[in-house]
Amino acid sequence: MNELLTCVDLTKQYGSKTALDSINLIIPRGRIIGLLGPNGSGKTTLIKLINGLLSPTFGHLYINGMEPGPETKKVVSYLPERTYFNSWMKVTDILNFFCDFYADFSRVRAEDMLQHLGIDPKARLSAMSKGTKEKVQLIMVMSRDADLYCLDEPIGGVDPAARDYILQTIISNYNEHASVLISTHLISDIENVLDDVIFIQNGHIRLHASVDAIREQEGKSVDALFREVFRC
Amino acid sequence: MPWTLDDSRPIYLQLEDLIKARIIAGTYKPGERLPSVRELAAEAAVNPNTMQKALTELERSGLVYVQRTSGRFITEDTNIMKELKEHLAKEQIQLFLTHMKQLGFQKEDIIRLLTQEIKEEI
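Per-chain numbering applies: the sequence of each chain, read as written, is numbered from 1 onward. Note on labels: chains are lettered from A, ligands numbered from 1, in written order. Where local features are concerned, this predicted model is filtered to residues with pLDDT of at least 70; where side-chain atom pairs are given and counted, the filter is 80 or more; whole-chain, interface and lining totals use all residues. Side-chain numbers come from the whole structure's heavy atoms, not from hydrogens or water.

Within an unreviewed UniProt entry, the label attached to chain B reads GntR family transcriptional regulator, and the organism entered is Anaerosacchariphilus hominis.

As annotated in an unreviewed UniProt entry, chain A carries the name ABC transporter ATP-binding protein and comes from Anaerosacchariphilus hominis.

Section: the side chain of arginine 22 of chain B
All names here are of chain B. Strands here mean DSSP runs of E at least two residues long; helices mean DSSP runs of H or I at least four residues long; both are numbered from the N terminus. The residue arginine 22 is located in helix 1 (residues 11-25) in this model. Here arginine 22 occupies a buried position and makes no salt bridge, while the nearest side chain of opposite charge, glutamate 43, is found at 4.9 Å. Throughout, a contact is declared for two residues whenever any of their heavy atoms are within 4.5 Å. Sequence-distant contacts of arginine 22, defined by excluding residues within four places in its chain, comprise Met1, Pro2, Trp3, Thr27 and Tyr28. Relative accessibility under 20% of the residue-type maximum defines a buried residue, over 50% an exposed one, and the middle range a partly exposed one, all with a 1.4 Å probe and only protein chains included. We score Asp and Glu as negative and Lys and Arg as positive, and we do not count His or the chain ends. What counts as a salt bridge is simple: a side-chain nitrogen of Lys or Arg found within 4 Å of a carboxyl oxygen of Asp or Glu.

Regarding the interface of chain A and chain B
It is common to report an interface's size as the accessible area lost on association of the parts. Each partner contributes to the interface: chain A provides 21 residues, whereas chain B provides 18 residues. Reported buried area values correspond to the accessible surface (1.4 Å probe) lost by two parts on association, with both partners' losses combined. Of the roughly 1500 Å² buried between chain A and chain B on both sides combined, carbon and sulfur atoms contribute 44%. The interface formed by chain A and chain B holds zero salt bridges in total. A 3.5 Å cut-off defines polar contacts: any pair of N or O atoms within that distance qualifies, except that in protein one atom must be a possible hydrogen donor and the other a possible acceptor, and neighbouring residues in sequence count only when both atoms are side-chain atoms. Our count for the contact surface shared by chain A and chain B stands at 14 residue pairs in polar contact (both at pLDDT 80 or more). Those elements that provide at least two residues to the side of chain A that touches chain B are helix 6 (160-173) and helix 8 (211-218) of chain A. Of the residues assigned to the side of chain A that touches chain B, the class counts are six nonpolar, eight polar and seven charged. Polar here means any residue other than Ala, Val, Leu, Ile, Met, Phe, Trp, Tyr, Cys and Pro, which are nonpolar, and Asp, Glu, Lys and Arg, which are charged; Gly is therefore polar.

Describing the sheet that holds strand 6 (residues 148-152) of chain A
Residues and elements named next belong to chain A. The pairing criterion for strands is at least two bridges between them, as found by DSSP. Spatial strand order, 5-6-7-3-8-9: six strands in an open sheet with mixed pairing. Looking at which strands have only one partner, the edges of the open sheet turn out to be strand 5 (76-79) and strand 9 (204-210). Pairs of neighbouring strands in the sheet enclose a mean axial angle of 15°, with direction left out of account. Of the pairings in the sheet, the one linking strand 6 to strand 7 (residues 179-183) comprises five bridges and is parallel in character. Considered in strand 7, the bridge of leucine 148 is made with serine 179. Between the N-to-C directions of two axes lies an angle of 0 to 180 degrees, each axis being a line fitted to C-alpha atoms and, for a helix, fitted only over the stretch in contact.

Okay, here's the thing in structure tokens:
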């Protein structure tokens, strides 16, 4: 089965405000996809629906043919916008947690990446900068052998060198069974790493195309097209 | 040689050109095995599927061939290499001629300036 994520008329309303409006979307395996849109367009809402943190108002969402629940959480690795680790924790505590929670977590891979970025596993989160905390969290998320990685703004708070390392991690972790969904504003930084992009605006999908198709048809980068489509 | 990509053209076409340039420059030598898709993608910091597409294009042109189970190799066919070199040279010359015309030079002037420049270089 090649379809990893399927959204059928997926709608989410917060009171009278419609955050996602009848979205139909299929994400196959083996793709790296950028979820791009201005603030308040519905990116985080979509990611939260995929992770079962919100329930659809109407419509359906399937991962591997299943609605979000304990079974899908086993195969979806989620990096939220904000860190959820307690600041008293040490990196080793988090490693232990991930080993307990996720059968697909590779401690070796995580420790290897921590070492590479010079993060001491005995350090406490409270003693870390914002960027370092983000790195720790991303390392945990990318050290799972998931089917779908949902990264909500993964590179916003880290320095350019760490950003390159993170992108390298995404590239070298790539396999044809898994897909990576990355929501971000920093399009030009990740453009070369993406297969496809989804432009989302006011809860609607404006565009779902491959990066090379956009360049071929428009003669410009995705970043330039984004600036044009969403000009303020 | 850095993997510099620009903003306008499809990425796989640029990768194709960059690999060609490396073959011509001798970074990858005739008969040598190319690094794997994954290695090349990581090196160029691009999506592995895009790199795959570039390599498929190179296979189609005959510059690279696949040996099942052992990977991709650079052709040892000197004719293909020669053709590629001449093709790239032609592209450069056309670009040069377009620029010269934009500067308002006619054919005779271009030849005169070029001959003069080559003499000075030697």
